[in-house]
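Coordinate inspection notes
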Amino acid sequence: MTALLKSLLAASEKAASIAQVCRQEEALFSLLIEEKRGADKNKKFLQDFKTLADVLIQEVIKHDVGEKFPELQDHIRGEESNKFENGLGETVVVQVCPTQQETAALLGKVLNRKQAAAELLAAAIHQEVVLLDPALDNVAVTISTESVAVWIDPIDSTNQYIRGHGNVMPVDGIYPSGLRSALVLIGVYNRHSGEPILGIINEPFFQEELPAHRWQSKYHWGISYEGIHLSSLNRPMLQASPCVVLSSNEKVMLRKALAPLYGERLFFASGAGYKMLCVALGLADAYVLSEGSTFKWDSCGPHAILRALGGGIVDLSEALKAWRAGQRKLLPELTYNKPVEGAVGADHWANQGGLVAYVYREHLEAVMATLAAAADTF
Ligand code: 2IP
Ligand code: CA
């Protein structure tokens, strides 16, 4: 397991560096966006973009981890398809080739023959990542990779990544928008039970170094497996006043229903993974979402980290049903191995019933009690 954790962390660091390279070269970045079409479109946004960085990162993680753990090769899945259409109307299957030169040649095709840009990316893809993190040497958990699978969100909060604002100011520690909410999310789950086991959140845009304007990344991880709970994060301190983080698109109905519990302390932020990170860091007591607009790749990694800290993520509509029926213990958590029956495209893997992410059980119960007492149903 330590080897898997190290390999995924190294892949997340490489992913972060690819995300940074793409962002730092403005001219290159503008070439990389392609509108999502058809059934893969996230219904929430009129214009949702997939980026070459997204596709590349997913392929790099698959490639690097699949090379070390061949048994996982067919069990690493993500949000993106690796087919990419370039400006010349050619469809190219993006993949990591055996050598940097070959990868550069392939990327050259995607980038309409812009060879300098392709070389830059290929170098980032084929770089050797050395993890200098002594804390990892003390992680001794053994789990068979035969029974696990991986969800990847190469860049969560793609919209904020594309807009690229690096100077948004935080509100009580929470960044409402901007590059800070663009994250690499990797989650490992049990193929049979669907439970999240290991999670990584990498923040590629954690800190900007001046005067060079180079971004530094930061990663967080958590393991929750057979009673073992380990994380790079400490369980956060309880906040004096309750506060919640919500999507800026959250329904007015839910905002109103939460007002008796949180008063004015409703914070808004982009990025599903980022809001989960805010909860793990103790910047908010909970993240409540009333809609099915997140997916397994958004929540699997953060969910494992929250579990490692003693919390979790419940399915809001299922948990409310259970709560109303008098159930108090073991509210239904999200699981990761079963698609939504009858759904189309990306919606197969939607967290259909909405969610509540929490660290402290009493915070989850406060949300449940408040929403169960509300006039509207969610
Ligand atoms: C998105 C992204 C959005 C989020 C949405 C996710 O993933 O995290 O920000 O909406 O649920 O699916 P919101 O910001 O309103 O929480 P992606 O950016 O990878 O499509
Ligand atoms: Ca996402």
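Please refer to the structure higher up on the page.
All values derive from a computational prediction rather than experimental measurement.

Moving on to the site of ligand 1. Taken together, 18 residues sit near ligand 1, with D156, T158, S247, K275 and S293 positioned nearest. Residue T158 places a main-chain N or O atom 2.8 Å away from an oxygen atom belonging to ligand 1. Take D298: an N or O atom from its side chain is 3.1 Å from an oxygen atom of ligand 1. Look at ligand 1: alone it shows 450 Å² of surface, and the protein chains cover 97% of it. Only β6 (148-156) and α8 (272-280) provide two or more residues apiece to the shell around ligand 1. In terms of residue count, the dominant contributor to the shell around ligand 1 is β6 (three residues). The residue makeup of the shell around ligand 1, split by class, is three nonpolar, nine polar and six charged. Two domains each put at least three residues into the shell around ligand 1: domain 1 (2-231) and domain 2 (244-373).

Next up on the list: the packing of helix α10 (residues 316-324) against helix α11 (residues 361-373). One can describe the packing of α10 onto α11 by two numbers: an axis separation of 10 Å at closest approach and a directional angle of 75 degrees. In terms of their interaxial angle, α10 and α11 are classed as roughly perpendicular. On α11, the residues touching L316, A319, L320, W323 and R324 of α10 are E365, M368, A369, L371 and A372. In terms of residue class, the contact of α10 with α11 is made up of eight nonpolar, no polar and two charged.

Right, let's talk about empty space enclosed by the protein for a bit. By the definition in use, this model includes one cavity of 30 Å³ or more. Considered as a void within the structure, the largest cavity measures approximately 60 Å³ in volume. P236, M237, L238, Q239, V279, G282, A284, D285, V359, Y360 and H363 are the residues that line the largest cavity.

A few words now on the packing of aromatic side chains. A full pass over the atoms with the stated rule returns seven aromatic pairs. Aromatic side chains W151 and Y189 sit 6.4 Å apart centroid to centroid with 20 degrees between the ring planes, which places their arrangement in the stacked category. Placement of W151 in strand β6 and of Y189 in strand β7 (residues 183-190) is noted, with a sequence separation of 38 residues between them. Each member of the pair, W151 together with Y189, is buried. Their ring planes at 85 degrees and their centres at 5.5 Å tell us that F205 and W215 sit as a pair that is edge-to-face.

As a further point, take helix α7 (residues 252-262). Residues three or four positions apart in an α-helix share a direction because the helix packs 3.6 residues into each turn. For α7, the full list of buried residues reads L254, A257, L258 and Y262. Seen from one end, α7 has its buried residues packed into an arc of 130 degrees, which puts them on one side. Within α7, the exposed residues directed more than 90 degrees away from the buried face are V252, K256 and P260. Buried residues along α7 sit against β11 (244-246), β12 (266-268), β13 (286-289) and α11. A positive phi of about 55 degrees marks G263, the residue just after α7.

Right, let's talk about the nonpolar core for a bit. Ranked by size, the top nonpolar core spans 58 residues in total, and within it L5, I18, I61, V65, L121, Y161 and W221 carry the most contacts. Among the elements of the structure, α1 (2-24), α3 (52-68), α4 (100-110), α5 (115-126), β6, β7, β8 (196-209) and β9 (214-225) are those that each provide at least two residues to this core. The leading source of residues in this core is α1, at 10 residues. If we ignore the near neighbours within four places in the chain, the residues touching L5 are L136, V139, L198, I200, W221 and I223. Counting 39 residues, the second largest nonpolar core, distinct from the first, contains A149, Y287, L289 and A357.

Cut-offs used in this document
- Residues numbered from 1 in each chain as written.
- Chains lettered and ligands numbered in written order.
- Predicted model: local features only at pLDDT ≥ 70, side-chain atom pairs only at ≥ 80, totals over all residues.
- Heavy atoms only, no water.
- Near = heavy atom within 4 Å.
- Polar contact = N/O pair within 3.5 Å; in protein donor to acceptor, adjacent residues only side chain to side chain.
- Areas by Shrake-Rupley, 256 points an atom, 1.4 Å probe, with all protein chains shown as cover.
- Helix = DSSP H or I, 4+ residues; strand = E, 2+ residues; numbered from the N terminus.
- Nonpolar A, V, L, I, M, F, W, Y, C, P; charged D, E, K, R; others polar.
- Domains from an automatic or database assignment.
- Axes fitted to C-alpha atoms, helices over the stretch in contact; angles between N-to-C directions.
- Parallel < 35°, antiparallel > 145°, perpendicular 65-115°, else oblique.
- Contact = heavy atoms within 4.5 Å.
- 1 Å grid on protein atoms, 1.4 Å probe; cavity = no way out; pocket = protein on both sides within 12 Å on 5 of 7 lines; lining within 4 Å.
- Points joined across faces, edges and corners; volume = space filled by probe spheres on them.
- Phe/Tyr/Trp six-rings, centres within 6.5 Å; stacked < 30°, edge-to-face > 60°.
- Buried < 20%, exposed > 50% of the residue type's maximum accessible area, 1.4 Å probe, protein only.
- Arc of directions from axis to C-beta.
- Core = buried A, V, L, I, M, F, W, Y, C linked by side-chain atoms within 4.5 Å.

Shape descriptors only; they carry no functional weight alone.
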